[in-house]
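What follows is the residue order along each chain.
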Amino acid sequence: MNGAAGCQGGGGGGDRGPRWRRPWKLLALGLLSASSVLAAAPGAAAMSKEEKRRLGNQVLEMFDHAYSNYMEHAYPADELMPLTCRGRVRGQEPSRGDVDDALGKFSLTLIDTLDTLVVLNKSKEFEEAVKKVIKDVNLDNDIVVSVFETNIRVLGGLLGGHSVAIMLKEKGEYMQWYNGELLHMAKELGYKLLPAFNTTSGLPYPRVNLKFGVRHPEARTGTETDTCTACAGTLILEFAALSRFTGTSIFEEYARKALDFIWEKRQRSSNLVGVTINIHTGDWVRKDSGVGAGIDSYYEYLLKAYVLLGDDSFLERFNTHYDAIMRYISQPPLLLDVHIHKPMLNARTWMDSLLAFFPGLQVLKGDIRPAIETHEMLYQVIKKHNFLPEAFTTDFRVHWAQHPLRPEFAESTYFLYKATGDPYYLEVGKTLIENLNKYARVPCGFAAMKDVRTGSHEDRMDSFFLAEMFKYLYLLFADKEDMIFDIEDYIFTTEAHLLPLWLSTTNQTISKKNTTTEYTELDDSNFDWTCPNTQILFPNDPMFAQSIREPLKNVVDKSCPRGISRAEESLGSGPKPPLRARDFMASNPEHLEILKKMGVSLIHLKDGRVQLVQHAVQAASSLDAEDGLRFMQEMIELSSQQQKEQQLPPRAVQIVSHPFFGRVVLTAGPAQFGMDLSKHKAGTRGFVATIKPYNGCSEITNPEAVKEKIALMQRGQCMFAEKARNVQKAGAIGGIVIDDNEGSSSDTAPLFQMAGDGKNTDDITIPMLFLFNKEGNIILDAIREYEAVEVLLSDKAKDRDLEMENMDQKLSENDSHKQNSEEATSASQDVGAVSEEPEEGENSDVNDPDSLSSAHADSDSVSISNQDSNVPGTDEASALEPACTQGDHQPQEQKTETESNSRVNWDNKVQPMESILADWNEDIEAFEMMEKDEL
């Protein structure tokens, strides 16, 4: 997860015992002196104070835009839906699965934002927000929530709010009435989370019912057996702080017990931990290990627990894990998952975006060089895609295309700047600000990216965006005199909440027994008991950071082949693998015999496909098992590449007319015929018109309405190519086919490409795109509201046309329009070819993501699975997903929950259309002001 220590540091904490705080402060001073040296580095032009101040003010304006829209359109709901300008209330929206476990009908975004208000010098707004939380928020709801998310966001938010509230009260101007109300709420919530720890291991259940706990008949939870390592290992800061604030030791005791259990269960030979663990037996369920999703904040909290609590055992554990990470997972500038039992073998060939926090943690550890390397690699990915995709491959192609406005990269940027003082990182922060305003800003807030390739939006603005992103960006550009308190007196939790360092000497009811050495012998050279010498971190070289970054400047754009894996490297000039995936033929008896020796069995499926399954225990020897593992990994990569070659990427339909101005982007499926939009960068722009007959299966009867326009038609009753020919004959310059299945949406169904009719389609020259029913209705509703609706069909969303926006705004100043309130979201998912059938039997035949077309054996197709838990195949890393496309294809279950809340009216706020339109105009004016400022 996200967050590094609030202290401006690059080292392992401080001195032993109660004197630890003093060296930590000295570290901050050392880094400031290092900053002053590097700031003058030639080739790294220092940013002027005026420019820093301007960017800081821009961050404040952006925060105000997001926060005010949440308060106006969503509060008291948990989160804002920025495209439809309303609150997300659990049970009233289609379920998004585990993502919704963060929502508990407790005004999540407001609580998560409390201490951000104080960091941004909004003390008056903070005081008003605290009063709202005390008055409105009810924690006794009959609702099942994530223990992990509720801890870091809500408990952490309440404790962070309490921390800054007592600080403001001491200063004497604000919060004079405050009497620990937020702390009382935090304690109430802490007790509601404790039933989750009722396991033999001490690891908590992943979910708990706020009203009924875990095992109560009405709890609707308590049957889970697994939890992620980060879920169980990211509790100690909040729970220990709650114990230290209240004097009630039980919270810290439970969190320590969970950490102790995970440490005991680490893989002893590699000192790594897996992603998922059984909460009853302690067995590892997923045995891959990395620093991203599922493990990330476990490592973070070990180091920060030492900083906050002064307990040596936490630092010893962190350093032991860190040594293993740098030995096995770190492949600069990459951080690749490995198997805990066979750490020389990579578990997957892609990285997830959550690992972007790790450079910031390395700064805290004092290991600057790899932090700079990984951060620079991530920045190059961002420069290519505008945002960091949820996952990307080792050759920097998009693996999962979403970006929910995560703050981890901004966090690491902030800490690298504080550690090096290199103005390069200020420029990185400026890029982040520009991209957020340019691509994510919408009239009612900031919308997550559904697909970084097309620029399409998702109707979500997670609470962590306000809790973390603006905090780190503001601190990046703020000088000490801009702050009303000393940020170095606090440590950041993983959600960037502030906990005061003085808690280390308060209510110490836990005996600090160092049990680490019972499990492993530790190399003393791996430990930093005091702060590192900045002359070692920055070896008297003002070009230090730049010299590390320089070789990585073009790492993303270079077309390099995948490097040899360490497992292959270890073979040296020894014997070659007995069988490579590219050579495999299912009809070759010799190949089948080799597979058997490697523990790989072949199963013929009823549909004609062939499935490969590996059981390492059935291999002739351990070496053969490793050969089998390598073969399976090669087969997965080969499958991904073949699927990629068979696919066309998704396209974009961008509404560019008033009052949308290009801010609403819908992801569309391409066609295998007609104009290739990837080769026509300008795309096709025109007003839309509905054809008659609407199915487009016969000659168009309203050609005068369609000529020189983009035709809208319904799916069904004839082939896609026939529709295209008919609208092209009528004079249309493009076509959009809208799905006729009521309620279909790219949120819940995989996108596909429209196939031809089996004939030559060279006669079709106009671009054709496909929209699901929900996305298509956004355009149809816009036509009903505004009549003239102009769209752009392209391979990727284009920048907003400011000139047109300003002109349209002047023309429509006196007009009263209603804004379309439909959700403007789209999915970017695997694209499979679909031939449209006649109405009687119309099906969406999406290519199976788990199938591999074989070019060799009897035209068989091969699917791969792996049933040995020590090798890849037990998780999404082994699903045969094209590495360049979004990997999550599972339609999410549409369900609602009946959950109660007696204190707050949770009905969606319905805003008058005129009010929303006024907001849009306000937003346009703000953009104009920013453009003038930049000029």
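Source: prediction; values computed, not measured.

Structural notes on helix α13 (residues 368-385)
- Under the 1.5 Å per step criterion, the end-to-end length of α13 is 26 Å for 18 residues, consistent within 8% with the ideal 26 Å.
- Of all the 18 residues making up α13, 15 are buried; the element is thus mostly covered by neighbouring parts of the structure.
- Taken from the residues just after α13, asparagine 386 is the one with a positive phi, measuring 75 degrees.

Overview of the nonpolar core
- Among the nonpolar cores identified, the biggest contains 178 residues, and Phe126, Leu436, Phe446 and Phe470 are the most heavily contacted of them.
- Ranked by size, the runner-up nonpolar core spans 23 residues in total, among them Phe673, Ile700, Met754 and Phe772.

So, the sheet that holds strand β5 (residues 226-228)
- Taken together, three strands build an open sheet; the order of strands is β5-β6-β7 and the sheet is antiparallel. With partners counted over all chains shown, the strands left at the sheet margins are β5 and β7 (284-286), one partner each. Averaged over all pairs of adjacent strands, the angle between their axes in this sheet comes to 35 degrees, without regard to strand direction.
- As paired elements, strand β6 (residues 276-278) and β7 share two bridges and run antiparallel to each other. Across the sheet, isoleucine 277 pairs through a bridge with tryptophan 284, a residue of β7.

Quick word on the state of the cysteines
- Here the structure, examined in full by the defined rule, presents three disulfides.
- Between the sulfur atoms of cysteine 697 and its disulfide mate cysteine 718 the distance is 2.1 Å. Where cysteine 697 bonds to cysteine 718 through sulfur, the torsion about that S-S bond is close to -85 degrees, and the disulfide is left-handed. Of this pair, cysteine 697 sits in the loop between β25 (684-690) and α22 (703-706) while cysteine 718 sits in the loop between β26 (710-714) and α23 (720-729), and the two are 21 residues apart along the sequence. In this structure, cysteine 697 and cysteine 718 share a single accessibility class: buried.
- Listing the disulfide partners of the protein by sequence rank of the bonded cysteines yields 1-4, 2-3, 5-6.

Some points on the sheet that holds strand β14 (residues 398-400)
- Within the open sheet, the three strands sit side by side as β12-β13-β14. Their pairing is antiparallel. A single partner strand is all that each edge strand has here, and the edge strands are β12 (350-352) and β14. When strand polarity is set aside, the average angle formed by the axes of neighbouring strands in this sheet is 30 degrees.
- By the bridge criterion, three bridges tie β12 to strand β13 (residues 391-393) in an arrangement that is antiparallel. If you follow tryptophan 350 over to β13, its bridge partner there is threonine 393.

Some words on the packing of aromatic side chains
- Overall, the coordinates contain 30 aromatic pairs when judged by the stated rule.
- Ring centres 5.8 Å apart and planes at 85 degrees place the aromatic pair phenylalanine 245 and tryptophan 502 in the edge-to-face group. Linking phenylalanine 245 in helix α8 (residues 236-246) with tryptophan 502 in the loop between β20 (498-500) and α17 (534-537), this pair joins segments that are 257 residues apart in sequence.
- By relative accessible area, which is 14% here, phenylalanine 245 ends up buried.

Observations regarding the pattern of salt bridges
- Within the structure shown, the criterion is met by 42 salt bridges.
- Close ionic contact of arginine 460 with glutamate 458 constitutes a salt bridge, the shortest N to O distance being 3.9 Å.
- Residue aspartate 763 is joined to arginine 725 by a salt bridge in which the shortest nitrogen-to-oxygen separation is 2.7 Å. Note that aspartate 763 is positioned in the loop between β28 (752-754) and β29 (768-771) and arginine 725 in helix α23, a separation of 38 residues in sequence.
- By relative accessible area, which is 23% here, arginine 725 ends up partly exposed.
- One salt-bridge network, in which partners are shared between bridges, spans Glu79, Arg96, Asp100, Glu149 and Arg153.

Rules behind the numbers
Residues numbered from 1 in each chain as written. Predicted model: local features only at pLDDT ≥ 70, side-chain atom pairs only at ≥ 80, totals over all residues. Heavy atoms only, no water. Helix = DSSP H or I, 4+ residues; strand = E, 2+ residues; numbered from the N terminus. Expected span 1.5 Å × (residues − 1). Buried < 20%, exposed > 50% of the residue type's maximum accessible area, 1.4 Å probe, protein only. Core = buried A, V, L, I, M, F, W, Y, C linked by side-chain atoms within 4.5 Å. Pairing = 2+ DSSP bridges. Axes fitted to C-alpha atoms, helices over the stretch in contact; angles between N-to-C directions. Disulfide = S-S within 2.5 Å. Phe/Tyr/Trp six-rings, centres within 6.5 Å; stacked < 30°, edge-to-face > 60°. Salt bridge = Lys/Arg side-chain N within 4 Å of Asp/Glu carboxyl O.

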